[in-house]
Amino acid sequence: MIQDILKDASQRMDKSIDVLQQEFTKIRTGRAHPSLLDHVSVEYYGSDVPLSQAASINSEDARTLVIQPWEKPMVSIIEKALLKSDLGLNPNTAGTVIRIVLPPLTEERRRDLVRVVRAEAENARVAIRNVRRDANSDLKELQKEGEISEDDLRRAEQDIQKITDEHVAKVDAKLTAKEEEMMAV
């Protein structure tokens, strides 16, 4: 039972780190990368699908993304979806090709983005600590019911803390890497 709780806690903490990584990919660094548009969805034959399923997305150079829809009628739909997205991008359409030129980031904007990155990292740390709290309460419940001894409880709590520390260290490493990426010109 203790191993199940530890495994579940570790998996939930891994999910928190995955969510953090997804949030980090949404925050742009001034370099054009197709993953910047991963969370943009468009209406394609009556259902919402990710943009990557309705068009090919490539980076032409360091600051330009090129989107080529699979079908000509999708050009205007994709253009509207990009304008509605929270990315603040202005698509330029030339025939069936949509180009997005990312403006260069100012020093002030980079600092603002670093604050956003730090906030996302803190959210991930809080989520990891919440998982630790849940796991510890599950363990205490087992101990109350007499299924594990007090010594087992203490050992399991120490194991949970080790897992928590490892995951917080991963968050810190991702944060440091993203901050360096953000401040690089």
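Throughout what follows, the structure given in this document is the object of discussion. All values reported here derive from a predicted model rather than from experimental measurement. (Residues numbered from 1 in each chain as written. Predicted model: local features only at pLDDT ≥ 70, side-chain atom pairs only at ≥ 80, totals over all residues. Heavy atoms only, no water.)

Brief notes about the overall build of the protein
Helix and strand content of the protein: four helices and six strands. Each helix and strand of the protein, placed in order from N terminus to C terminus, yields the pattern α-β-β-β-β-α-β-β-α-α. For the protein, whose C-alpha radius of gyration is 22 Å, the value lies well above the compact-globule estimate of 16 Å for 185 residues. Dimensions of the protein, computed from the C-alpha atoms along their principal axes, are close to 70 × 40 × 20 Å. Looking at the protein as a whole, 39% of its 185 residues qualify as buried. Contacts in the protein between residues at least 24 apart in sequence constitute 66% of all its contacts with a sequence separation of at least 6. Surface exposure of the protein reaches about 10,800 Å², of which carbon and sulfur atoms provide 48%. Of the charged side chains in the protein, 28 are positive and 34 negative, and the gap between their average positions amounts to 5 Å. (Helix = DSSP H or I, 4+ residues; strand = E, 2+ residues; numbered from the N terminus. Rg over C-alpha atoms; globule rule 2.2 N^0.38 Å. Buried < 20%, exposed > 50% of the residue type's maximum accessible area, 1.4 Å probe, protein only. Contact = heavy atoms within 4.5 Å. Areas by Shrake-Rupley, 256 points an atom, 1.4 Å probe, with all protein chains shown as cover. Lys, Arg positive; Asp, Glu negative; His and termini not counted. Charge placed at Lys NZ, Arg CZ, Asp CG, Glu CD.)

Here we look at the pattern of salt bridges
A complete count under the given rule lists 14 salt bridges for this structure. A salt bridge links R129 to E122, with the nearest nitrogen and oxygen atoms 3.5 Å apart. Accessibility expressed as a relative area gives 34% for R129, which makes it partly exposed. The residue R154 makes a salt bridge to E150 at a minimum N-O spacing of 3.4 Å. Of this pair, R154 and E150 both sit in helix α4 (residues 150-183), separated by four residues, roughly a single helical turn. Connected through shared salt-bridge partners, D8, R12, R133 and D134 make up one network. (Salt bridge = Lys/Arg side-chain N within 4 Å of Asp/Glu carboxyl O.)

Here we look at the sheet that holds strand β4 (residues 64-69)
Spatial strand order, β3-β4-β6-β5: four strands in an open sheet with antiparallel pairing. Both edges of this open sheet fall to β3 (55-61) and β5 (91-94), since each of them pairs with a single strand only. Direction aside, the axes of adjacent strands within the sheet are offset by 25 degrees on average. Examined bridge by bridge, β4 and strand β6 (residues 97-101) share four bridges and lie antiparallel to one another. Residue pairing for β6: V66 is matched across the bridge by R99. (Pairing = 2+ DSSP bridges. Axes fitted to C-alpha atoms, helices over the stretch in contact; angles between N-to-C directions.)

Remarks on the nonpolar core
One finds L139 and V171 to be the most contacted residues of the largest nonpolar core, which totals 29 residues. Mapped onto this core, the elements with two or more residues apiece are α1 (2-26), α3 (107-144) and α4. The leading source of residues in this core is α3, at 10 residues. Aside from chain neighbours lying at most four places away, what touches V171 is I17, L20, A121, A124, R125 and I128. Listed in part, the 22 residues of the second largest apolar core include A32, L36, A54 and L82. (Core = buried A, V, L, I, M, F, W, Y, C linked by side-chain atoms within 4.5 Å.)

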